[in-house]
Amino acid sequence: MRRKSKSGIWIRKVWRAIGTMKTVISPLKEECLLCKKISVLQSRQMALCNSCYEYIPWIRDVHCLTCGRSVRCADCQRRQLTYFSKSRSAVKYDDRMKELLARYKYRGDERIKSVIGCMLVHAYHLLYMEELSEKSNPKRGIITFVPVSKLRMQERGFNQAEQMARELGLRLRLPVQALLQRAKHTDKQSFKSRNERLDDLEHVFEVDLSVAYQIDLKSIDVIILLDDVYTTGSTMNQCAKVLRENFSAEVYGLTWAR
Ligand SMILES: [Zn+2]
Ligand SMILES: [Zn+2]
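Residues numbered from 1 in each chain as written. Chains lettered and ligands numbered in written order. Predicted model: local features only at pLDDT ≥ 70, side-chain atom pairs only at ≥ 80, totals over all residues. Heavy atoms only, no water.

Peer 1: How do you make sense of the overall build of the protein chain when you look at a structure like this?
Peer 2: When helices and strands are tallied, the protein chain shows 10 helices and nine strands. Residue burial in the protein chain is summarised as follows: out of 258 residues, 47% are buried. Partitioning the intrachain contacts of the protein chain with sequence separation of at least 6 by distance along the chain shows that 70% fall at a separation of at least 24. A total of about 14900 Å² of accessible surface is found on the protein chain, and carbon and sulfur atoms cover 52% of it. (Helix = DSSP H or I, 4+ residues; strand = E, 2+ residues; numbered from the N terminus. Buried < 20%, exposed > 50% of the residue type's maximum accessible area, 1.4 Å probe, protein only. Contact = heavy atoms within 4.5 Å. Areas by Shrake-Rupley, 256 points an atom, 1.4 Å probe, with all protein chains shown as cover.)

Next up, the structure:
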């Protein structure tokens, strides 16, 4: 009887060991950040399952060389003066990407910022392939971002463009500086006409001199201006204008979606 129970203990021990080995050998199942299904993740860094990863609407073919759009673009043709040299975006802003951003921006799911950070590296490569590698010396860059108003900051608790800039900065090992600030609060952009928006945006952004004085801007060739979504390009253009008025560096735009 005693011998039997001893062998029982051994059998249990062996099974437990096999179980441990199985979990070590078999890939870990985790929750996909997009569809919430528990499965083996395609990319651990992005925490997306296979089908969600396959789905990402990457921008690969750039048709508008100014804003990086994958289709023909009237906004850039209509614009009188463009202050950024060019802008590139990682993904098309379709319904699923809208949902992803909404979960991050309005429902505060901050894990999504690392997914977006990974995607931004793709946008940077689009920029880098065409522009930054043209000269033999790599350009010395700094990342900055479109600021939000104090009111918006209080509502949301964070600036998504800033967080995206910092995620990208970490991955590229580039410094991130808050060079811009908002001079006044602007109403929600989406309810306004194009001309109203452009009028509103004049004088909204200014350089934060307390930050700008701290860095040696003469040693910087490029300022990469980051925003979450590029819509018409007017926000990007106004921010770039202010940067160009204050610094001699070239300004490139980079957004997550377009
Ligand atoms: Zn998924
Ligand atoms: Zn364009």
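Peer 1: Can you walk me through the coordination of the zinc ion (ligand 2) in this structure?
Peer 2: In an ideal tetrahedron of four donors about a metal, each angle is 109.5 degrees. In an ideal octahedron of six donors, the angles are 90 or 180 degrees. Bound to the zinc ion (ligand 2) on the protein side are Cys64 (SG), Cys67 (SG), Cys73 (SG) and Cys76 (SG), at distances that span 2.2 to 2.3 Å. Bound by four donor atoms, the zinc ion (ligand 2) shows angles of 103 to 119° at the metal and therefore tetrahedral coordination geometry. (Donors = N, O, S within 2.8 Å, 3.2 Å for Na, K, Ca; no water. Tetrahedral: all angles 85-135°; square planar, octahedral: opposite > 155°, others 65-115°.)

Peer 1: How should unusual backbone geometry be read in this particular structure?
Peer 2: Glycine aside, negative phi is the norm for most residues, and most peptide bonds take the trans geometry. Positioned with a positive phi, lysine 36 is a non-glycine residue whose angle comes to about 70°. For lysine 36, the position within the fold is in the loop between strand S1 (29-31) and strand S2 (38-43). One non-glycine residue, alanine 47, adopts positive backbone phi at about 55°. With respect to the helices and strands, the residue alanine 47 is situated in the loop between S2 and strand S3 (48-49).

Peer 1: For this particular structure, what's the right way to read the coordination of the zinc ion (ligand 1)?
Peer 2: Coordination sphere of the zinc ion (ligand 1), protein contribution only: Cys32 (SG), Cys35 (SG), Cys49 (SG) and Cys52 (SG), at 2.3 Å. One can describe the donor arrangement at the zinc ion (ligand 1) as tetrahedral, given that its four donor atoms subtend angles of 106 to 114° at the metal. When its relative accessible area of 4% is taken as the criterion, cysteine 52 is described as buried.

Peer 1: Would you mind showing me how to read the pairing of strand S5 (residues 141-145) here?
Peer 2: Within a regular beta strand, the side chains point alternately toward one face of the sheet and then the other, so they alternate between its two faces. Summarising burial for S5: five of the five residues are buried, a large majority. Alignment of S5 against strand S8 (residues 222-229), held across five bridges, turns out to be parallel. Bridged to phenylalanine 145 within S8 is leucine 226. (Pairing = 2+ DSSP bridges.)

Peer 1: Just to check I follow, could you spell out the nonpolar core for this structure?
Peer 2: Across soluble globular proteins, you tend to see nonpolar side chains buried next to one another. Ranked by internal contacts, the top residues of the largest apolar core, which has 44 residues, are Leu48, Val91, Met119, Leu226 and Trp256. If you list the elements that add at least two residues to this core, you get S3, strand S4 (86-91), helix H4 (95-105), helix H5 (112-132), S5, helix H7 (160-172), S8 and strand S9 (250-257). Tallying contributions element by element places H5 first for this core, with 10 residues. Residues from two domains meet in this core; each of domain 1 (24-55) and domain 2 (57-257) gives at least three. With residues near it in sequence (within four places) discarded, methionine 119 still touches Met46, Ile56, Trp58, Ala90, Val91, Met97, Leu100 and Trp256. Counting 28 residues, the second largest nonpolar core, distinct from the first, contains Phe84, Leu201, Val204 and Tyr230. (Core = buried A, V, L, I, M, F, W, Y, C linked by side-chain atoms within 4.5 Å. Domains from an automatic or database assignment.)

Peer 1: Looking at this structure, I do not really get the sheet that holds S4. What am I missing?
Peer 2: Strands pair in a sheet through their backbones, by hydrogen bonds, and they do so in one of two ways: parallel or antiparallel. With respect to topology, four strands assemble into an open sheet ordered S4-S9-S8-S5, the strand pairing being parallel. Only two strands of the sheet have a single partner each, and these edge strands are S4 and S5. Ignoring strand direction, the axes of neighbouring strands in this sheet form an average angle of 25°. Those strands touched by H7 are S5, S8 and S9, and its axis lies near 125° from that of S8. (Axes fitted to C-alpha atoms, helices over the stretch in contact; angles between N-to-C directions.)

Peer 1: It is not clear to me how the sheet that holds S1 should be interpreted in this structure. Could you clarify?
Peer 2: The three strands are arranged S1-S2-S3 in an open sheet whose pairing can be described as antiparallel. The sheet terminates laterally at S1 and S3, the two strands that pair on one side only. Bridge count for S2 against S3 is two bridges, and the pairing is antiparallel. Considered in S3, the bridge of leucine 41 is made with cysteine 49.

Peer 1: Whenever I open this one, the packing of aromatic side chains confuses me. Can you help?
Peer 2: The relation between two aromatic rings is expressed through the spacing of the ring centres and the mutual angle of the planes. Taken as a whole and judged by the stated rule, the model has three aromatic pairs. Residues phenylalanine 84 and tyrosine 230 carry aromatic rings whose centres are separated by 6.4 Å and whose planes lie at 90° to one another, so their mutual orientation is edge-to-face. Highlighted residues: phenylalanine 84 in the loop between helix H3 (74-78) and S4 and tyrosine 230 in the loop between S8 and helix H10 (234-246), separated in sequence by 146 residues. Each of the two residues, phenylalanine 84 as well as tyrosine 230, counts as buried. An angle of 80° between the planes, with centres 6.2 Å apart, marks the rings of tyrosine 93 and tryptophan 256 as edge-to-face. (Phe/Tyr/Trp six-rings, centres within 6.5 Å; stacked < 30°, edge-to-face > 60°.)

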